Structure formats: C-alpha cells, structure tokens
Amino acid sequence: MGVKDGKSTGGENPVELFLKIGLDERTAKNTVANNKVTANLIAVIHEASVTDGCARPIGNLLYTVATKFPANALVHRPTLLEYIVSSKIKTPAQLEAAFSFFATTGAETFMVNDFEEACGVGVEVSEEDIKHAVNEIFEEHKNAILEQRYRTNVGELFGHVRKMQPWADPKIVKQLIDANLYGLLGERTAADDEKLVKKKKEKPVKIEEPVAVVDTPPKPSEEELHPFLIFPSPEENYKVHTEVFFSDRPVLRCCNSRETLEKHLKATGGKVFTRFPPEPNGYLHIGHAKAMFVDFGLAKERGGCCYLRYDDTNPEAEKKEYIDHIEEIVRWMGWEPFKITYTSDYFQDLYELAVELIRRGHAYVDHQTPEEIKEYREKKMNSPWRDRPIAESLELFDEMKRGMIEEGKATLRMKQDMQSDNFNMYDLIAYRIKFTPHPHAGDKWCIYPSYDYSHCIVDSLENITHSLCTLEFETRRASYYWLLDALGLYQPYVWEYSRLNVTNTMMSKRKLNRLVTQHLVDGWDDPRLMTLAGLRRRGVTPKSINDFVRGIGITRSDCSVIRLDRLEYHIREELNKIAPRTMVVLHPLKVVITNLEAGSLMDLDAKKWPDAQLEDASSFYKVPFSNIVYIDHSDFRMQDSKDYYGLAPGKSVLLRYAFPIKCTDVILGDDKETILEVRAEYDPSKRTKPKGVLHWVAEPSPGVDPLKVEVRLFDKLFLSENPGELGDDWLSDLNPESKVVIPGAYAVSSLKNAAVGDRFQFERLGYFVVDKDSTPEKLVFNRTVTLRDSYSKSGK
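Attention here is on the structure that accompanies the text. Values in this document were obtained by computation on a predicted structure and should not be read as measured data.

### Description of the environment of Asp 52
No. 1: Topologically, Asp 52 is positioned in the loop between helix 3 (35-47) and helix 4 (56-68).
No. 2: Through-space distance from the C-alpha of Asp 52 to that of Asn 513 is 50 Å; in sequence the pair is 461 residues apart.

Given below as structure tokens:
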C-alpha cells in the first residue's frame, strides 16, 4: 500500500488514521511528510487490524515498529504486532528486545518460547520489586548523589535499575527515583539552581587546574563491540531479500538459485566480499567514514575482502585530483583495499549486457528530452518510443556508441513499470550520450552508463556478497534486483543503513563544492569542514573518527542528526592520551618580576603528561623562567572578585610549574585604561598557596622575545544545528567567527622544532596541531578542539 501526495493509495487519510491510534497531531503531520515512514505505518496499522483505532500506548509502539523493525525479518512483523495489540509486549524495553531478536533471526523460523523469554513476555514486575531495585541503586550511589544533589544524572540511575529489572514499568521506576531523590535531598534549593546557572555561564578563561575533563567512558554496548552480527553469511544468500511488485505481472521474489549461489561461492571461496564505492567528484567527508567502517569493517570482521571501487560514470564531474585523494584518505583512515577498481573498468561488459537487455525486450532507445522524460514520469505515461522494435533499438544503440547521434538526442532506458508505486521503477535511464573524455577510460567512449544501471551489475561481476548503502537508496532496491533478474545475474545481499548527519555542518558534495569554489572556505581541507581532509588538517585522528562511527552503530533510524559534541568527545578521548602538554599564551601581557635579577635564568621542569613520574625524564620538558614573563590578557583584571582566579592588583596566582607571583603595580597607557605592563614579585620559597594557576611563557634570554607563533581558532562553520533546513538561504547561516587568527601568540621554546601534524595540548586552551602553512620562520597551529567536554558531562 503506497502513499501519494499525503494520501494513502488505499483511499484513507493518513493523518486521521494516525490520530486514531493515539499519535498527537504534530507527530501525525510530521509522519505524513515522510512517505517511507507513512507507508510503513499504514501497513503496520492494517497488519495489526487497528484501523478503527487503539489505545495510545499501543499506537506509540506500533509507530516504533514502523520506523525500526529490522528489514531482514519482515515476515515476522505480523507476529510481533499480535503481541503488541494483545499487550503481551507493552513496554519500549520489550520492543527493543524484540527488534534485537528478529534482527538476529532474520527470515528463519524461531521457537516461540525463545522469543517470549528474550522479550520478557508474561514477566510481571511488582512495584515492590521495583522499589527494592531503586533502593539498592540509591544505596550504592548515595555518596555521589549527595555530592551532586540535583545535578545527578537521573538517566544513569534509570539505566542501573533497568539492568536489574529490564521489564519494569518505566513510569513506576521514574516515580520511585524522583521520590527517593526528594527523600534523600529534600526540596530543591536556590543553591542548586545557582550552581547550574553559574556553570552554564562559566567561560573557558576561568582559571582552574588545567586538566582536560574527560569522564571514564561507559562499558561498550554489545552493538559497539559486535556491530556486524546483523549481517548474514554468504551461504545464506539464496533467501528472498526483496519482493518487487508490478502493476501488470506477478510479484518478483528476488533471490539466487542454488546453482547461481554455488557458482558464486566457488568464485569467492565462501568469503565476504564488500565494496566502498565513492564517486570521484569531490573530497570525502565524515559520512564516508561511516560507509568505510561498514564496508571495510564487515570484510575485516569476517576475514573477507573489500574493494575500493570508483563509481566513475559521470566524466563531467570527476577529476584525477579526487581519485588520488580518495585512495590516500582511505588508507589514512586505516583501511587497506583488497583491490582498487573502477566502474569504467567494466564499460565493455556493461555495454554488452545493455545489448543483451535490449535483445530480451527489457530496454529501448528513447528520444525524449530530459524535460519530457520528467513530465511523462510524473504523469506515469509511457514514452512514445517504449514499444519500438527490438531490432530498431539495437541499431540505434550501436549508433549512439559510434558517436552518430548528437548529445541529448537519445538515451537507452530500461523497460520497467511506469505504473508502479515506486518512482525508481519508471523506466530509468541506462545510458546517455556525452562527448566528454573520461579521466580513467580516456576518449574511447561517448556513451556512459548511469549509476542505476551500472552499480548493481558491477556488484554482481565483482561477486559482492553484501552491497551496503545508505537509506536514501532503499527505494532503488526494486530497480537493483529487477535488472539483475532481467539479465540472469548473481544477486548480492542488499542492506541499507542510516546516513551520518552531524550538527552545524553541511554534507552535500554540491554545497561543499560551492563553499570551496566561491572561496568561502580555504579549500577542501579547510579545518572547518567535515571533510576527512579537513578533519585531518584540524588534528583529528583516524581512531577518533572510527570510534565515533562505531559508537553510533550501523542503525536504520533515518533523519537523525548526531550532535557535534559527540564527535568532539571521541576526539578528546584520543588526544588526551597522545597529545603532550605544553604552554602557549594567545594574547601576551608582559609581567616584570621586580625581585628577580634582570638577566637571571632558571630552567624548570614542566610535565608533558599529568601522571609524569620523576624518574622518567622523557615525560618532562624544560621551560626557561626569567624576570620577564607573559600571561594572557584575559588572566588579568583591575577589579578582583570572589569567583575570579586570575591575577589582579594585590593578588597572588601560581605560575604553573614555577612560582607564586603577586601583582604589586600596573603600568597603564595614556588613556589610563589600556594595560601595558604588570609588575609583580615572586615567592621563591613557594609558601604562598594561591587558588589560581596560570599558564605563562618567559623570555628565553635577556631582551629576546619568546617563540612567536600563529594560532588559528576554529569554531562551528554554521550557526544553526541544521543549516540544510534553511533551503536556498543556507549561506546566510555561515558563522563569521568560525575562524579567528591570532598572529602574535607566544610559545615555550621547546615547540620550535615541532613538525607539521604534531599534536599538543596547550594547557587551559585546548588541543592543537601544527598546520601545513607553517614555515621555518613561523609555526602555525590549528585548534582541534577545546578542553571543555559537554558531551561526556551530559551523559552519553
């Protein structure tokens, strides 16, 4: 049952149907905006026999089934719906357990007892049982709760209870947790609220111990540890994956014959074969990192092979530069291709199969213009040339190949089903004429195959076992299998996963290209872009990216946008382990230490790592200390306050790894406001114990300035979390402060030999990397990420 223009093809009004099962009006209308979810939900409602309505809790579970039920087990969906409608499965936890069970089961038969045990069917958890679990958790975490008070992460407490009682009623759990919090802490006080507000307003320049805040990561989930368990083995690829429905003929149940599968397994040795198939029309972005993880990761997990295959069917958009970049970045990400191939390697095979397709009556040469094709497809009308004789199409296709027909005057189209409910079965184009040399194949061809024609055939020719792609290609499954069936070719197992979207960025290659060509960013490797080249230049490690992707999982939940701070969490996790500490002052303010003799110099030990041991000399670096030091302008105020830990007149601070100093005088400019210099005295005995700790840089020798470096501070490229929603106005959302250049920062002398790509933690400032723009005369550092970690604090 399909959907067209917001209406069910069964004549129902989807919004009214969704309201009947208890969805609120906003959710119902938002659902109708997504044709795929709408079609799924309508099908679920009919399968569950609740077209006349049902209770809201049941309706919410049905909605979840429509969006999350594993596609490899659709045959079992009616069974699950019976359990939901009869309230044998009635909680989200039970439903998630059912999804996991069926994802593993696939289309195979299963034992009812195993299913019911896995989903907690019939298990009744009393309120007394829940109360006992909650009390036990509170007793175990009592000290932490008392310390954090109402800053306690209730979600974590909820998770602990769920581990003890997975089938407990979540409403009762929440009520009891809230009651226990109140009983332990009493009324929420003004101090609780003040603390929250103060923390929110806290600025990075606040002086405190300069240690990166990185929480201990939770124990990895089963999905993180074994993300590839959802995929079947190659020997199982005789089962029906997809059913293609036609308006004028029986349904096509797509599967391999035993004979075809045996021939395939003999060619592959039974190994898993995958492919990573980027189009070389731009640089790869972080979304491709997820695709690499899925394609290369599955092959590696199963001891198989993964091709790097360039999907190079459009010579007008592809460049050698992009081809070279893709191979390099794939290896930088830690993946080694089994073979590097090109779709263009198969142009002769594809041409010969196109001829065969015509001979079998499944393709025809068409003379409609692109505009006419679009109009006819929208009206579901056949092309006037659809039923031309096979011999005539064969002759015309040969003329297309020999360059005898002008560009745009003819295409080869597949004869599919113009009355289908699936737009991707409306006689897709297989070949078009382009008198453009190809970056890999040269000028041998003037006809080029389309993605829809070539992709599935090359998958088959390369004996791919698992053809994995993002969800927007799901509607192309029918076309994929239709073509392979029409040609009698081996059919790979196809599976789609959700594409990776990250907040405050843009993933569209077309829009990325516009940012680059209009010089709104500094090239494809601009550190503000989510291109993998940009992330590398920013100092992000491949491990951070792969850990981020693994943590997201290989899910099918569509339309989700991952917060940027989740990626930053993984970046900090890695850099905290590998980036040595050092000191850099961004906006130097001169401090003259009046009780230290001018020209005197001390070499002090500074820690590269927080846990550096005294006996390990390699864990320390030398910093010169003289009577001229520089602190950051933001670390000095003329007016002190209780919540300020920096330097002020009459106040003391500790210079990290050095001595306490006390401000004794301030030299102002002619305007009596500009601070030119600070005078201070140091405490060589270190008896003074100030609260504030500052980073600093000193003159390495009398009259010689510290090492001068350029520092680039990068922030989010777009102000909005989802700039794609702005339509044509997306460029107006660019963040004018996304790149701030500080040309005159001061660094400790030990950094002078830093090489391009070296990473450091600048104490109290964040993580930085040496940029490729560095010269022998001047180092340039890019900020990778700040020290602040909102993601781990918010509770992953």
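### Looking at unusual backbone geometry
No. 1: Residue His 519 is not a glycine yet carries a positive backbone phi of 60°.
No. 2: Position of His 519 relative to the elements: it lies in the loop between helix 22 (509-517) and helix 23 (532-538).
No. 3: Unusually for a residue other than glycine, Lys 686 sits at a positive phi of about 60°.

### Re empty space enclosed by the protein
No. 1: Enumeration according to the criterion identifies 3 cavities of 30 Å³ or more in this entry.
No. 2: Roughly 140 Å³ of volume is contained in the largest cavity.
No. 3: Lining the largest cavity are 13 residues; nearest its centre among them are Tyr 451, His 455, Phe 473, Arg 476 and Tyr 480.
No. 4: Every element with two or more residues in the lining of the largest cavity is listed here: helix 20 (451-461), strand 12 (466-470), helix 21 (477-487) and strand 13 (493-497).
No. 5: When residues in the lining of the largest cavity are grouped by element, the largest group, 4 residues, is from helix 20.
No. 6: Among the residues making up the lining of the largest cavity, the classes are represented as 6 nonpolar, 3 polar and 4 charged.

### Things to note about the sheet that holds strand 7 (residues 340-342)
No. 1: Taken together, the 3 strands give an open sheet; going across it, the order is 5-6-7, and neighbouring strands pair in parallel fashion. Single-partner strands in this sheet number two, and they are strand 5 (273-276) and strand 7. Going from strand to strand, the sheet's axes swing by 35° on average, the running direction of each strand aside.
No. 2: In terms of strand pairing, strand 5 meets strand 6 (residues 305-310) through 4 bridges, oriented parallel. Note on strand 6: the bridge partner recorded for Thr 274 is Cys 306.
No. 3: The strands touched by helix 15 (residues 286-301) are strand 5 and strand 6; relative to strand 5, the strand with the most contacts, the crossing angle is about 160°.

### Some details on helix 19 (residues 390-401)
No. 1: Across its 12 residues, helix 19 extends 17 Å between first and last C-alpha, which sits within 8% of the 16 Å expected from 1.5 Å per residue.
No. 2: Residues of helix 19 that are buried include every one of Ser 393, Leu 396, Phe 397, Glu 399 and Met 400, and no others. Projected onto a plane normal to the axis of helix 19, the buried residues spread over an arc of 155° and lie on a single side. Turned more than 90 degrees away from the buried face of helix 19, the exposed residues are Ala 391 and Glu 395.
No. 3: On its buried side, helix 19 packs onto helix 17 (347-359), strand 8 (363-366), strand 9 (411-414), strand 10 (429-433) and strand 11 (447-449).
No. 4: Gly 403, located one to two residues past helix 19, shows a positive phi value of around 75°.

What counts and what doesn't
- Residues numbered from 1 in each chain as written.
- Predicted model: local features only at pLDDT ≥ 70, side-chain atom pairs only at ≥ 80, totals over all residues.
- Heavy atoms only, no water.
- Helix = DSSP H or I, 4+ residues; strand = E, 2+ residues; numbered from the N terminus.
- 1 Å grid on protein atoms, 1.4 Å probe; cavity = no way out; pocket = protein on both sides within 12 Å on 5 of 7 lines; lining within 4 Å.
- Points joined across faces, edges and corners; volume = space filled by probe spheres on them.
- Nonpolar A, V, L, I, M, F, W, Y, C, P; charged D, E, K, R; others polar.
- Pairing = 2+ DSSP bridges.
- Axes fitted to C-alpha atoms, helices over the stretch in contact; angles between N-to-C directions.
- Contact = heavy atoms within 4.5 Å.
- Expected span 1.5 Å × (residues − 1).
- Buried < 20%, exposed > 50% of the residue type's maximum accessible area, 1.4 Å probe, protein only.
- Arc of directions from axis to C-beta.

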